[in-house]
Amino acid sequence: MAERLGVAVHGGTLATAVQAARRAEERGFESVWTTEFYDRSATVSLAAMATATSTVTIASGIAYAVGRSPLVLAAEARDLDELSGGRLVLGLGTGTRRMQQDWHGIDGESPAPRVEELVPLLRRIWGMDASGVQHEGRFYRMALQPTAEVTPRAPIPTYLAGFNARMVQAAGAVADGLVGHPIFTRRYVEEIVRPALEAGAKKTGRDPDVPIAGYVICSVADDGDRARRDAAAQIAFYTVVRTYRSIVELEGFESQVAAIREAWSRRDAEAMIAAVTPDMLAAMAVAGTPEEARDQLPNFHGLYDRLLCYAPSYGLAGPEITERVDAILETFGR
């Protein structure tokens, strides 16, 4: 598999995303991905990136599938795809149950069936003609009868984020691809993710070879120790979340993660970072000097259809994130 190389930006400012998109295009990256959080809108970032570029694929990895109605999601994506000249990949995710409940005010129950209903509904909205869309589902209701002329359009490529097997199955069942998590390891993808994708696709009679856009934490600096520290901080930040225990157990990292969580309870960032062992770093990240990073990236070759170099952001300010993204573009761009 010859994967396409992309870069993913989380954190910083809108200027960070725009600069990354421009430079990614200049350096020959296939795609540039932006995230969404409680302080950043993926749709606004995508609009800014679209107007600053002309050829690179722009994508959300991810925008929240909850908190917006299907109609708003479909309309935003339609506008972004038009603004970019057809370069959009819409990556959607639900976040953890606590995020769904506490951030978006929904019950957080059954996220996989929710997105399995959502994605086909989005396609119906994009393809809507004068007859409108009538939908009565478990999670969504729509009774839309157009009052003005409607131009149906082709579906926009839609990826779903998934970590545990059931949500990965949902991506296989209804989406155009899966957005992988930054702490995916080769073993986890081969033993858990790919089989779950195939099972989901089989359930709906689809092609089992579902593409994966996989994040890889890439931390590059002339000071290799600093790069490794930044990558370890990102890994610690993610593995403290119990949602991700399946990968911790599969890889045998229980003792390290127990130490990370204990340090987190004390808000001891240095102890969290110190608990990330070299084998965790090697399994979950590319980290070191530019030369070391170039030597390590092939460890992830052949694993994803789109390999997304993801700059660390945990504990870093905007200018520091921009610096880390620039280092990725310089190291892996042409």
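Residues numbered from 1 in each chain as written. Predicted model: local features only at pLDDT ≥ 70, side-chain atom pairs only at ≥ 80, totals over all residues. Heavy atoms only, no water.

With respect to the overall build of the protein chain
At step 1: Counting its secondary structure elements, the protein chain contains 14 helices and 12 strands.
At step 2: For 334 residues, the compact-globule estimate of 2.2 N^0.38 gives 20 Å, and the protein chain sits close to it at 20 Å.
At step 3: Overall, the protein chain is about 60 × 40 × 40 Å in size when its C-alpha atoms are taken along their principal axes.
At step 4: Counting every position in the protein chain, which comprises 334 residues, the buried fraction comes to 54%.
At step 5: For the protein chain, the share of sequence-separated contacts (at least 6 apart) that also reach a separation of at least 24 residues comes to 72%.
At step 6: When the accessible area of the protein chain is evaluated, it comes to approximately 14100 Å², of which 51% is carbon and sulfur surface.
At step 7: For the protein chain, the distance from the average site of its 35 positive side-chain charges to the average site of its 43 negative ones is 4 Å. (Helix = DSSP H or I, 4+ residues; strand = E, 2+ residues; numbered from the N terminus. Rg over C-alpha atoms; globule rule 2.2 N^0.38 Å. Buried < 20%, exposed > 50% of the residue type's maximum accessible area, 1.4 Å probe, protein only. Contact = heavy atoms within 4.5 Å. Areas by Shrake-Rupley, 256 points an atom, 1.4 Å probe, with all protein chains shown as cover. Lys, Arg positive; Asp, Glu negative; His and termini not counted. Charge placed at Lys NZ, Arg CZ, Asp CG, Glu CD.)

Looking at the nonpolar core
At step 1: Of all hydrophobic cores here, the largest spans 114 residues; its most connected members are Trp-33, Leu-92, Val-193 and Phe-332.
At step 2: The dominant element in this core, judged by the number of residues it contributes, is helix H5 (residues 111-126), at 8 residues.
At step 3: If we skip the residues at most four places from it in the chain, Phe-332 touches Leu-5, Phe-29, Cys-218, Val-220, Val-286, Ala-293, Arg-294, Leu-297 and Cys-309. (Core = buried A, V, L, I, M, F, W, Y, C linked by side-chain atoms within 4.5 Å.)

Some points on the pattern of salt bridges
At step 1: Scanning the entire structure with this criterion turns up 24 salt bridges.
At step 2: With its nearest N and O atoms 2.7 Å apart, the salt bridge here joins Arg-306 to Glu-30. In this pair, Arg-306 sits in strand E12 (residues 306-310) while Glu-30 sits in the loop between helix H1 (14-26) and strand E2 (31-34), placing the two residues 276 residues apart along the sequence.
At step 3: What makes Arg-306 buried here is its relative accessible area of 8%.
At step 4: Glu-191 is the salt-bridge partner of Arg-187, the closest N and O atoms lying 3.1 Å from each other. One end of the pair is Arg-187 and the other is Glu-191, both in helix H7 (residues 186-203) and 4 residues apart, which spans about a single turn.
At step 5: Residue classification places Glu-191 among the partly exposed positions, given a relative accessible area of 43%.
At step 6: Each of Arg-23, Arg-27, Asp-326 and Glu-330 takes part in one network of salt bridges that share partners. (Salt bridge = Lys/Arg side-chain N within 4 Å of Asp/Glu carboxyl O.)

Side note on the packing of aromatic side chains
For any pair of aromatic rings, the description consists of the separation of the ring centres together with the inter-plane angle of the planes.
At step 1: Within the structure shown, the criterion is met by 12 aromatic pairs.
At step 2: Ring geometry for Tyr-38 versus Trp-103: centroids 5.3 Å apart, planes at 75°, classification edge-to-face. One end of the pair, Tyr-38, is in the loop between E2 and helix H2 (42-52); the other, Trp-103, is in the loop between helix H4 (97-102) and H5, and 65 residues separate them in sequence.
At step 3: By relative accessible area, Tyr-38 is classed as exposed at 62%.
At step 4: Residue class for Trp-103 comes out partly exposed when judged on its relative accessible area of 37%.
At step 5: Here a set of aromatic residues connected by ring pairs shows up, and it is made of Phe-37, Tyr-38, Tyr-64 and Trp-103.
At step 6: The ring of Trp-264 is capped by Arg-267, whose NZ or CZ atom sits 4.4 Å from the centre of that ring. (Phe/Tyr/Trp six-rings, centres within 6.5 Å; stacked < 30°, edge-to-face > 60°. Lys NZ or Arg CZ within 6 Å of the ring centre and 35° of its normal.)

Focus: empty space enclosed by the protein
At step 1: Using the criterion set out here, one finds 1 cavity of 30 Å³ or more in the structure.
At step 2: Considered as a void within the structure, the largest cavity measures approximately 40 Å³ in volume.
At step 3: Top contributing element to the lining of the largest cavity by residue count: helix H3 (residues 70-84), with 4 residues.
At step 4: Its residues placed into classes, the lining of the largest cavity shows 5 nonpolar, 1 polar and 2 charged. (1 Å grid on protein atoms, 1.4 Å probe; cavity = no way out; pocket = protein on both sides within 12 Å on 5 of 7 lines; lining within 4 Å. Points joined across faces, edges and corners; volume = space filled by probe spheres on them. Nonpolar A, V, L, I, M, F, W, Y, C, P; charged D, E, K, R; others polar.)

Topic: the environment of Ala-15
At step 1: For Ala-15, the position within the fold is in helix H1.
At step 2: Residues Ala-15 and Gly-318 lie 303 residues apart in sequence; the distance between their C-alpha atoms is 9.6 Å.

Here's the deal with the side chain of Arg-306
At step 1: Within polar-contact distance, the side chain of Arg-306 engages the side chain of Glu-30 at 2.7 Å.
At step 2: A distance of 3.0 Å separates the side chain of Arg-306 from the side chain of Tyr-159, its partner in a polar contact.
At step 3: If we skip the residues at most four places from it in the chain, Arg-306 touches Glu-3, Arg-4, Glu-30, Ser-31, Trp-33, Thr-57, Val-89, Tyr-159, Ile-212, Ala-213 and Gly-214. (Polar contact = N/O pair within 3.5 Å; in protein donor to acceptor, adjacent residues only side chain to side chain.)

Things to note about unusual backbone geometry
At step 1: Cis geometry marks the peptide bond from Gly-61 to Ile-62; its omega dihedral reads 15°.
At step 2: Along the chain, the position of Ile-62 falls in the loop between strand E3 (57-60) and strand E4 (63-64).
At step 3: Here the phi dihedral of Ser-110 falls at roughly 50°; this positive angle occurs in a residue that is not glycine.
At step 4: Tracing the chain through its elements places Ser-110 in the loop between H4 and H5.
At step 5: Judged by its relative accessible area of 21%, Ser-110 is partly exposed.
At step 6: Phi at Arg-267 takes a positive value of approximately 55°, unusual for a residue other than glycine.
At step 7: Within the element layout of this structure, Arg-267 appears in the loop between helix H10 (254-265) and helix H11 (269-274).

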